Amino acid sequence: MSAAIGAAIAVLTGIGAGFGIGLATSKAVEAVARQPEAASKISTSLLLGCALAEATAIYGFVIALLILFL
């Protein structure tokens, strides 16, 4: 039973990653609206940040699977 609770807590990292990616995307859109000439630099930074945030969600999912099945 406690393993299932631990796995559920580990999967909650997806909520934080989703919130972070949404916030970063909204700020990037605002930045491009203010300075369209900087769009390529902004999108590069946005993609790097989103990839790192998504990696934390995947790590949480992998940890949850490890807790449940090992």
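Reference entry: report on the structure contained in this document. Since this is a predicted model, take the numbers as computed values, not measurements.

The rules behind these values
Residues numbered from 1 in each chain as written. Predicted model: local features only at pLDDT ≥ 70, side-chain atom pairs only at ≥ 80, totals over all residues. Heavy atoms only, no water. Helix = DSSP H or I, 4+ residues; strand = E, 2+ residues; numbered from the N terminus. Rg over C-alpha atoms; globule rule 2.2 N^0.38 Å. Buried < 20%, exposed > 50% of the residue type's maximum accessible area, 1.4 Å probe, protein only. Areas by Shrake-Rupley, 256 points an atom, 1.4 Å probe, with all protein chains shown as cover. Core = buried A, V, L, I, M, F, W, Y, C linked by side-chain atoms within 4.5 Å. Expected span 1.5 Å × (residues − 1). Arc of directions from axis to C-beta. Contact = heavy atoms within 4.5 Å.

To continue, consider the overall build of the protein. Tallying secondary structure elements over the protein gives three helices and zero strands in all. When the helices and strands of the protein are listed from N to C terminus, the series reads α-α-α. Relative to a compact globule of 70 residues, whose C-alpha radius of gyration would be 11 Å, the protein shows 16 Å and is clearly more extended. On the principal axes, the C-alpha backbone points of the protein span a range of 55 × 15 × 5 Å. The proportion of buried residues among the 70 residues of the protein is 19%. By element, 77% of the accessible surface of the protein is carried by carbon and sulfur atoms, the whole surface being about 5,100 Å².

What follows covers the nonpolar core. Among the nonpolar cores identified, the biggest contains seven residues, and these are Ile 21, Ala 28, Ala 38, Ile 42, Leu 46, Cys 50 and Ala 53. Contributions of two or more residues to this core are made by α2 (13–34) and α3 (39–69). With four residues, the single largest contributor to this core is α3.

Helix length check: α2, at 22 residues, gives a terminal C-alpha distance of 32 Å against a target of 32 Å (1.5 Å per residue), a fit within 8%. Inspection of α2 places Ala 17, Ile 21 and Ala 28 among the buried residues, and these make up the whole buried set. What you see down the axis of α2 is that its buried residues fit within an arc of 35°, all on one side. Exposed residues pointing more than 90 degrees away from the buried face of α2 are listed as Ile 15, Phe 19, Val 29, Ala 33 and Arg 34. Of the surrounding secondary structure, the elements contacted by the buried residues of α2 are α3.

Let's shift gears to the environment of Val 32. Turning to its location among the elements, Val 32 is positioned in helix α2. Overall, Val 32 belongs to the partly exposed group, its relative accessible area being 31%. Separated by 10 residues in sequence, Val 32 and Ile 42 have C-alpha atoms that sit 7.2 Å apart.

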